[in-house]
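This is what each chain is made of:
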Amino acid sequence: MLAAVLVLVVVFREPLANALAAPRVQTWTTVFVSVLVQAVPFLVFGVLLSAAIAVFVPRAFWARALPRHPALAVPVASVAGVVLPGCECGSVPIAGSLIRRGVTPAAALAFLLAAPAVNPVVLTATAVAFPGNPGMVLARALASLAVAMIMGWLWLRLGRADWLRLPRRPELDGVGRGMAFWAAVRHDVVHAGGFLVVGAMAAATINVLVPERWLQTLADDPVLSVLALAVLAVLLSICSEADAFVAASLSQFSLTSRLVFLVVGPMVDLKLISMQAGVLGRRFAFRFAPATFVVAVGVATLAGAVLL
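Calculation criteria
Residues numbered from 1 in each chain as written. Predicted model: local features only at pLDDT ≥ 70, side-chain atom pairs only at ≥ 80, totals over all residues. Heavy atoms only, no water. Helix = DSSP H or I, 4+ residues; strand = E, 2+ residues; numbered from the N terminus. Buried < 20%, exposed > 50% of the residue type's maximum accessible area, 1.4 Å probe, protein only. Contact = heavy atoms within 4.5 Å. Areas by Shrake-Rupley, 256 points an atom, 1.4 Å probe, with all protein chains shown as cover. Axes fitted to C-alpha atoms, helices over the stretch in contact; angles between N-to-C directions. Parallel < 35°, antiparallel > 145°, perpendicular 65-115°, else oblique. Left-handed = near helix turned anticlockwise from the far one by under 90°. Patch = residues over 30% accessible without salt bridge, like charges linked within 9 Å, V, L, I, M, F, W, Y side chains within 5 Å. Salt bridge = Lys/Arg side-chain N within 4 Å of Asp/Glu carboxyl O. Polar contact = N/O pair within 3.5 Å; in protein donor to acceptor, adjacent residues only side chain to side chain. Core = buried A, V, L, I, M, F, W, Y, C linked by side-chain atoms within 4.5 Å. pLDDT = per-residue confidence, 0-100. Nonpolar A, V, L, I, M, F, W, Y, C, P; charged D, E, K, R; others polar. Phe/Tyr/Trp six-rings, centres within 6.5 Å; stacked < 30°, edge-to-face > 60°.

> How should the overall build of the protein be read in this particular structure?
Within the protein, the secondary structure is distributed over 16 helices and 0 strands. Across the 308 residues in the protein, those meeting the buried criterion constitute 49%. Put simply, 82% of the contacts in the protein that link residues at least 6 apart link residues at least 24 apart. If you sum the accessible surface of the protein, you get close to 14200 Å²; carbon and sulfur atoms cover 72% of it.

Here is the structure:
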């Protein structure tokens, strides 16, 4: 297939060169490459650390470290995400293994939501993407922590054990730590990297193809702008180490609506819903994801109105 593509490129090099010289294509390429160049280092660093945590930290450690009372374990697990770098692709299997090792599901789910959104790699990437708006980092951290704790406590109140399916990750069982580490790295890089490319392509396409007046119409309406970027975060499914750079490129929208994009994305998107359904069961995912979306939009909007 690669050879066939190269032959076609050679045969049609002149039409391709003319097409690539078009101003809109050059703009698309510039936006696409700039998003990737800024985001890839954070993605790689986050995946490596996430794999190291998943493989080298004993799973029983988390059960001992968390308070025994479920209501107290939820905020502790949420805050633990601050010091545990990793993207949402890694947090789903980690949360699953915590449940399998006896951690209360409410705490594991709070960690699942908080870790991809408030860890140091993500917050540093957000600061780099929004150099003139330091309040964005604080607003993202506080809103994400609040959503994680609210969803954990809601699960304690309303969740049912039969909605959860005990997870398994057989590719990491029965192998040495080195092999398990690289297996986790390959898994997360393929999934997160692929969605990052798709997200960068979508961001570039939006900047080029969508008429400016359409984006401005959405951006000018406070309600529509928030809903539009919340839905966009679900559809793009960008890794949390990279989503800040995509949000920064959507400069037509207010900081509050972009904050909603950053809070919703690491907690509810298409790849996360599918991963949650595969690891924890469809009955869980199809209840947990819509509830998280509503809570994330509400909390992020409130945080943006107060802090930005």
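Next, the rest of the story.
> What is the right way to look at the packing of helix 5 (residues 70–80) against helix 9 (residues 135–158) in this model?
The angle between the axes and the distance between the axes are what describe a pair of packed helices. Interaxial distance between helix 5 and helix 9 falls to 9 Å at its minimum, and their mutual angle equals 155°. By the angle between their axes, helix 5 is roughly antiparallel relative to helix 9. For the pair helix 5 and helix 9, the sense of crossing is right-handed. In contact with P70, A71, V74, P75, S78 and V79 of helix 5, helix 9 contributes L145, A148, M149, G152, W153 and L156.

> Would you explain a nonpolar patch on the surface in this entry?
Together, V5, V7, L8, V9, V11, F12 and L16 line one region of the surface with nonpolar side chains, adding up to about 610 Å² of accessible area. Among the elements that make up the nonpolar patch, the one with the highest residue count is helix 1 (residues 2–11) (5 residues). With respect to the helices and strands, V7 occurs in helix 1.

> Sorry if this is basic, but what is going on with the side chain of S240 here?
Relative to the helices and strands, S240 resides in the loop between helix 12 (222–236) and helix 13 (243–249). We classify S240 as buried; its relative accessible area is 1%. A polar contact of 2.8 Å, which involves the side chain of S240, links it to the backbone oxygen of P116.

> Whenever I open this one, the nonpolar core confuses me. Can you help?
Across soluble globular proteins, you tend to see nonpolar side chains buried next to one another. Membership of the largest hydrophobic core comes to 82 residues, with the highest contact counts inside it found for V147, F261 and V264. When residues in this core are grouped by element, the largest group, 12 residues, is from helix 7 (residues 105–118). Setting aside residues no more than four positions away along its own chain, F261 makes contact with L229, L232, A233, L236, I238, D243, V246 and A247.

> What is the right way to look at the environment of V103 in this model?
By secondary structure assignment, the location of V103 is in the loop between helix 6 (88–100) and helix 7. What makes V103 buried here is its relative accessible area of 6%. Between the alpha carbons of V103 and R64 there is a distance of 8.9 Å; along the sequence they are 39 residues apart.

> How do you make sense of the confidence of the model for the protein when you look at a structure like this?
Atomic detail in the predicted coordinates should be set aside for any region of low pLDDT. Summarising the model, the protein shows a mean pLDDT of 81, and 86% of its residues fall at 70 or more. Mean pLDDT per element in the protein: helix 6 is the minimum at 69, and helix 14 (residues 255–264) is the maximum at 95.

> I tried to follow the side chain of T126 on my own but got confused; where do I start?
By the element assignment, T126 lies in helix 8 (residues 120–129). When its relative accessible area of 0% is taken as the criterion, T126 is described as buried. In contact with T126, not counting residues within four places along its chain, are M136, V137, R140, A244 and L262.

> Is there a simple way to explain the pattern of salt bridges in this structure?
Side chains carrying opposite charge are able to pair once their charged atoms draw close together. Taken as a whole and assessed by the stated rule, the structure comprises 3 salt bridges. A salt bridge links D243 to R140; the shortest N-O distance between them is 2.9 Å. One end of the pair, D243, is in helix 13; the other, R140, is in helix 9, and 103 residues separate them in sequence. D162 is paired through a salt bridge with R160; the nearest N and O atoms lie 2.8 Å apart. Classification of D162 as partly exposed rests on a relative accessible area of 39%. Three or more residues are tied together by salt bridges with common partners; here these are R160, D162 and R283.

> What is the right way to read helix 14 from this model?
Each turn of an α-helix holds 3.6 residues, which means side chains three or four residues apart point in the same direction. Most of helix 14 is tucked away: 9 of the 10 residues are buried. Restricting attention to buried positions, one finds in helix 14 the residues T256, S257, R258, L259, V260, F261, L262, V263 and V264. Where helix 14 is buried, its residues contact helix 8, helix 9, helix 12, helix 13 and helix 16 (282–307).

> Would you mind showing me how to read the packing of helix 14 against helix 16 here?
It is the contact of helix 14 with helix 16, at a shortest axis distance of 8 Å, that shows an interaxial angle of 140°. Here helix 14 runs over helix 16; the crossing is right-handed. Across the interface between the two elements, T256, L259, V260, V263 and V264 from helix 14 touch F293, A296, V297, A300, T301, A303, G304 and A305 from helix 16. In the contact of helix 14 with helix 16, the residues fall into 10 nonpolar, 3 polar and no charged.

> Where do I start with the packing of aromatic side chains in this structure?
Geometry of an aromatic ring pair is reported as the spacing of the ring centres plus the angle between the planes. Enumeration according to the criterion identifies 5 aromatic pairs in this entry. A centroid spacing of 5.1 Å and a plane angle of 15° characterise the contact between W28 and F32, whose relative ring orientation is stacked. With W28 and F32 both in helix 3 (residues 23–56) and 4 residues apart, this pair spans about one turn of that helix. Relative to W163, the ring of W155 has its centre 6.0 Å away and its plane inclined at 65°; by these criteria the two rings are edge-to-face. An aromatic cluster is built from W155, W163, F284 and F288, whose rings are joined through pairwise contacts.

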